[in-house]
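Take a look at the letters that make up each chain.
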Amino acid sequence: MATQVTNYQCPSCTGPLHFSSETGKLECAYCGSSFDPAEIERLYREKAESAASAAQQEEQTGGAAPGASAGSEWGESEAASLRVYNCPSCGAEILCDDTTAATRCVYCGNPSIVPGRLGGSLKPDYIIPFRLDREAAVDALKKHCKGKPLLPRAFRSQNHLEKLQGVYVPFWLFDCETSGRVEYDANTVRTWAEGDWDITELTNYLVTRGGTVRFEQIPVDGSTKMPDDHMDAIEPYDYSGLVPFSMAYLPGFLADKYDVDEKRSAERAQKRAEQSTSEAFCASVSGYDSVVEKDRALSFTQKDAKYALLPVWLLNTKWNGKDYLFAMNGQTGKLIGDLPVSKGLTCAWLFGIWAVLSALAILIQVL
């Protein structure tokens, strides 16, 4: 049986509600009403409790058995990686992969969320709501593409830009500390002249730095779908925007649950913490002409970890068999983007340069 999807509808006119990154509220595009996420969540919690009570009563009195459906059953391996949901607005069945936590109906476009998919131990502790809307993301992508004459025309089209999708990406936030020491080979060079001789004096020093460095909320993305280098590049997030997780922030956006667990993510957090510690120690070594790290002995201690959903605007497309990803921080606007180069435009550009140089060469010969 398909898992039912809850769609947040306006209590005033039953139109679909969208989370507004500008106001921080759920807004109705039809009647203009706006509601606090906590208010809507309370209303739907009461609605769900009422529906559950009614279903229990029907079961006790003997409800109708579900009818047989046409078609064959999914294979065991296929069913293990797929989920089927019913759209409450148009009745369409939505097929999602195993890590999708929220989705938009591909038939009627109504934003829908899947409350059961984030339950239990997978429920996030925190979320940073989108602060920048789709229009801001489209403008940022246009500016990113501006001044790049070799970009394929398909990447400049409005249809292409409409594929931008707001996604809540799962992150682990680690509180930890590193302790230990780092040794450096440091040198000073002094040069002077004595008569006909130029003398160079090289002095070598063994420099040691040690101590304890504490870190709060080192972010590590918990989704294998997201390239780590892209997620690192759009940091940092402003953690003052973290709020307790609420399903009310999800309508209108996609959301993934993590598929890289806390233990595996802690390994990346450790590498980042140790690298930052080494850089901090090295920055304190001054007064030398050269400094090279010789030895490192650091220990890592994890204090705490929280699971959070952080906002990202994504555009993932293929061009000539290669993947290109544009990602923008949905809170701060920091972005990174991979852009292809059109071979046809490159050839035309090179031909244009050749033609200009040939014309100049002929003109010089005539003169």
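These numbers come from a predicted model, not from an experiment.

Thresholds applied
- Residues numbered from 1 in each chain as written.
- Predicted model: local features only at pLDDT ≥ 70, side-chain atom pairs only at ≥ 80, totals over all residues.
- Heavy atoms only, no water.
- Helix = DSSP H or I, 4+ residues; strand = E, 2+ residues; numbered from the N terminus.
- Buried < 20%, exposed > 50% of the residue type's maximum accessible area, 1.4 Å probe, protein only.
- Contact = heavy atoms within 4.5 Å.
- Areas by Shrake-Rupley, 256 points an atom, 1.4 Å probe, with all protein chains shown as cover.
- Expected span 1.5 Å × (residues − 1).
- Phe/Tyr/Trp six-rings, centres within 6.5 Å; stacked < 30°, edge-to-face > 60°.
- Patch = residues over 30% accessible without salt bridge, like charges linked within 9 Å, V, L, I, M, F, W, Y side chains within 5 Å.
- Salt bridge = Lys/Arg side-chain N within 4 Å of Asp/Glu carboxyl O.
- Lys, Arg positive; Asp, Glu negative; His and termini not counted.
- Charge placed at Lys NZ, Arg CZ, Asp CG, Glu CD.
- Pairing = 2+ DSSP bridges.
- pLDDT = per-residue confidence, 0-100.
- Core = buried A, V, L, I, M, F, W, Y, C linked by side-chain atoms within 4.5 Å.
- Domains from an automatic or database assignment.

K.L.:
Describe the overall build of the protein chain, naming the residues involved and giving the relevant values.
P.N.:
What the protein chain contains, in helices and strands, is seven helices and 16 strands. In the protein chain, buried positions account for 37% of the 367 residues. Of the contacts formed within the protein chain by residues at least 6 apart in sequence, a portion of 71% connects residues at least 24 apart. When the accessible surface of the protein chain is split by element, carbon and sulfur atoms take 52% of a total near 21100 Å².

K.L.:
Residue-level account of the side chain of Asn187, with values.
P.N.:
The topology assignment puts Asn187 in strand S10 (residues 165-194). Dropping the residues within four chain positions of it, Asn187 is found in contact with Leu202, Thr203, Asn204, Tyr288, Asp289 and Ser290.

K.L.:
An account of unusual backbone geometry is needed here, citing residue identities and associated values.
P.N.:
Residue Pro236 follows Glu235 across a cis peptide bond; omega there is 5 degrees. Here Pro236 lies in the loop between helix H5 (228-233) and strand S12 (243-244).

K.L.:
Any details on helix H6 (residues 262-283)? Residues and values, ideally.
P.N.:
Counted at 1.5 Å a residue, the expected span for H6 with its 22 residues is 32 Å, and the 31 Å between its end C-alpha atoms agrees. Along H6, the positions that sit buried rather than exposed are Ser265, Ala266, Ala269, Ala273, Glu274, Thr277, Ser278 and Phe281.

K.L.:
So what's going on with the packing of aromatic side chains? Residues and values would help.
P.N.:
Enumeration over the complete set of coordinates arrives at 11 aromatic pairs. Note on Phe130 and Tyr168: the rings are 4.9 Å apart at their centroids and 70 degrees apart in plane angle, and the pair reads as edge-to-face. Highlighted residues: Phe130 in the loop between strand S9 (126-127) and helix H3 (134-145) and Tyr168 in strand S10, separated in sequence by 38 residues. A residue is classified by how much of its surface remains accessible, and Phe130, at 1% relative accessible area, is buried. Among the residues examined, Tyr168 registers a relative accessible area of 0% and is labelled buried. Summarising the aromatic geometry, the rings of Phe130 and Phe253 are spaced 4.2 Å apart at their centres and angled 0 degrees between planes, so their arrangement reads as stacked. Here Phe253 lies in the loop between S12 and strand S13 (254-256) and Phe130 lies in the loop between S9 and H3, a separation of 123 residues in the sequence. Owing to a relative accessible area of 8%, Phe253 belongs among the buried residues under this scheme. An aromatic cluster is present here, built from Phe130, Tyr168, Phe253 and Trp313 joined pairwise through their rings.

K.L.:
Describe the side chain of Ser246, naming the residues involved and giving the relevant values.
P.N.:
Note on placement: Ser246 falls in the loop between S12 and S13. Residues contacting Ser246, with those up to four places away along its chain left out, are Glu41 and Ile127.

K.L.:
Can you explain a negative patch on the surface? Please cite residues and give values.
P.N.:
Together, Asp125, Asp261, Glu262 and Asp304 give the surface a local cluster of negative charge. When you line up the elements, Asp304 lands in strand S14 (residues 290-319). Residue classification places Asp304 among the partly exposed positions, given a relative accessible area of 32%.

K.L.:
Account for the sheet that holds strand S3 (residues 26-28), with residues named and values stated.
P.N.:
Spatially, the three strands line up as an open sheet ordered S2-S3-S4, and their pairing is antiparallel. Strands with a single pairing partner mark the edges of an open sheet, and in this sheet they are strand S2 (17-19) and strand S4 (34-35). Pairing of S3 with S4 involves two bridges; the strand directions are antiparallel. Counterpart to Leu26 in the pairing with S4 is Phe35.

K.L.:
How would you explain the pairing of S10 if you had to name every residue and give the values?
P.N.:
In this sheet, S13 lies alongside S10 in parallel orientation, the contact comprising two bridges. In the strand pairing of S13, Tyr168 is matched with Ala255. Sheet topology note: the S10/strand S11 (residues 197-221) ladder contains 23 bridges and is antiparallel. In the sheet register, Glu177 faces S11, and the bridge partner there is Arg214. Adjacent in sequence and paired antiparallel, S10 and S11 are bridged by two residues, among which Gly195 carries a positive phi angle near 65 degrees.

K.L.:
Lay out the pattern of salt bridges in plain terms, naming residues and giving numbers.
P.N.:
What the rule picks out here adds up to 11 salt bridges. Of the charged contacts, one joins Asp221 and Arg268 as a salt bridge, the two residues approaching to 3.4 Å between their closest N and O atoms. Here Arg268 lies in helix H6 and Asp221 lies in strand S11, a separation of 47 residues in the sequence. The closest approach of N and O atoms between Glu235 and Arg272, which form a salt bridge, is 2.9 Å. In this pair, Glu235 sits in the loop between H5 and S12 while Arg272 sits in helix H6, placing the two residues 37 residues apart along the sequence. A residue is classified by how much of its surface remains accessible, and Glu235, at 11% relative accessible area, is buried.

K.L.:
Go over the confidence of the model for the protein chain with me, naming the residues and quoting the values.
P.N.:
When pLDDT is averaged across the protein chain, the result is 77; 66% of the residues are at 70 or more. Mean pLDDT across the secondary structure elements of the protein chain bottoms out at strand S1 (residues 3-4), with 48, and peaks at S11, with 94. Below a pLDDT of 50 lies the segment residues 63-69, which in the model reaches two contacts outside its immediate sequence neighbourhood of four places, other chains included. The model gives residues 342-351 a pLDDT under 50, and that stretch makes nine contacts with residues more than four places away or in other chains.

K.L.:
An account of the nonpolar core is needed here, citing residue identities and associated values.
P.N.:
Counting 45 residues, the largest nonpolar core has Tyr8, Leu17, Tyr168, Phe174 and Leu250 as the members making the most contacts within it. Composition of this core by domain shows at least three residues from each of domain 1 (17-117) and domain 2 (134-346).

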